[in-house]
Amino acid sequence: MKGLTFYGKNTLNGMDRVDPNLRDEMLAELFLDQMMNNFKKSKILEEIDQSLKNKDKEAFFRLTEKLKSVS
């Protein structure tokens, strides 16, 4: 489970005692949550880049705050 190491080894080690179907469901949910966060971050970063190109300070500050809340 390379992509799920961000939750730490303890999370995955403890999951060997969970019902396999429930474990798979939980891992899929964690994976999807992480993918959604990555997608949101990339979209915000694109918007930040655009705000810099447009020299839009207000949008830049708003978007950087938004990025902090997603991180």
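One side chain can pair with another of opposite charge once the charged atoms of both are near each other. Counted under the stated rule, the structure contains three salt bridges. Across the pair R23 and D24 runs a salt bridge whose closest N-O atoms are separated by 3.8 Å. Overall, R23 belongs to the partly exposed group, its relative accessible area being 26%. D24 sits in the partly exposed class, given a relative accessible area of 44%. For K43, the salt bridge is made with E46, and the minimal N-O distance between the two is 3.6 Å.

The next thing to look at is helix α3 (residues 57–70). An ideal rise of 1.5 Å per residue puts 20 Å on 14 residues; α3 measures up with 20 Å between its terminal C-alpha atoms. Every buried residue of α3 is accounted for by A59, L63, T64, L67 and V70. In an axial view of α3, the angular spread of the buried residues amounts to 130°, which keeps them on one side of the axis. Exposed residues lying more than 90 degrees from the buried face of α3 are K57, E58, R62, K68 and S69. Taking the backbone nitrogen of E58 as reference, a side-chain oxygen 3.4 Å away marks D56 as the first, capping residue of α3.

Right, let's get into the packing of helix α2 (residues 20–53) against α3. A pair of packed helices can be characterised by two numbers: the angle between their axes and the separation between those axes. Interhelical geometry of α2 versus α3 gives an angle of 165° and a closest axis separation of 9 Å. Considering their axes alone, α2 and α3 lie roughly antiparallel with respect to each other. At the point where α2 passes α3, the crossing takes the left-handed sense. In this structure, α2 uses N37, K40, K41, I44, L45, E47, I48, S51 and L52 to contact α3, whose residues at the interface are A59, F60, L63, T64, K66, L67 and V70.

Criteria and cut-off values
- Residue positions are given per chain, counted from 1 along the sequence in the order it is written.
- In keeping with the predicted nature of the model, local features appear solely for residues at pLDDT of at least 70, side-chain atom pairs appear and are counted solely at 80 or more, and the whole-chain, interface and lining totals rest on all residues.
- Computation of side-chain values: all heavy atoms of the structure, hydrogens and water removed.
- Each salt bridge in this description consists of a side-chain nitrogen of Lys or Arg and a carboxyl oxygen of Asp or Glu lying within 4 Å of one another.
- A simple rule labels every residue: compare its accessible area, found with a 1.4 Å probe on the protein chains alone, to the largest value its type can have, and call it buried under 20%, exposed over 50%, or partly exposed in between.
- By the criteria applied, helices consist of DSSP H or I runs no shorter than four residues and strands consist of E runs no shorter than two, each listed in order from the N terminus.
- Multiplying 1.5 Å by the residue count of a helix minus one yields the expected span of that helix.
- This arc is taken over the directions from the axis of the helix to the C-beta atoms.
- Pairing of N or O atoms within 3.5 Å defines a polar contact, subject to two protein rules: one partner must be a possible hydrogen donor and the other a possible acceptor, and residues neighboring in sequence count only if both atoms are side-chain atoms.
- What counts as an axis is a line fitted to C-alpha atoms, over the stretch in contact for a helix, and the angles between N-to-C directions run from 0 to 180 degrees.
- In what follows, roughly perpendicular refers to angles from 65 to 115 degrees, roughly parallel to angles under 35, roughly antiparallel to angles over 145, and oblique to any angle outside these ranges.
- Less than a right angle of anticlockwise turn of the near helix away from the far helix marks a crossing as left-handed, whereas a clockwise turn marks it as right-handed.
- Residues count as neighbours in contact if any of their non-hydrogen atoms are within 4.5 Å of one another.

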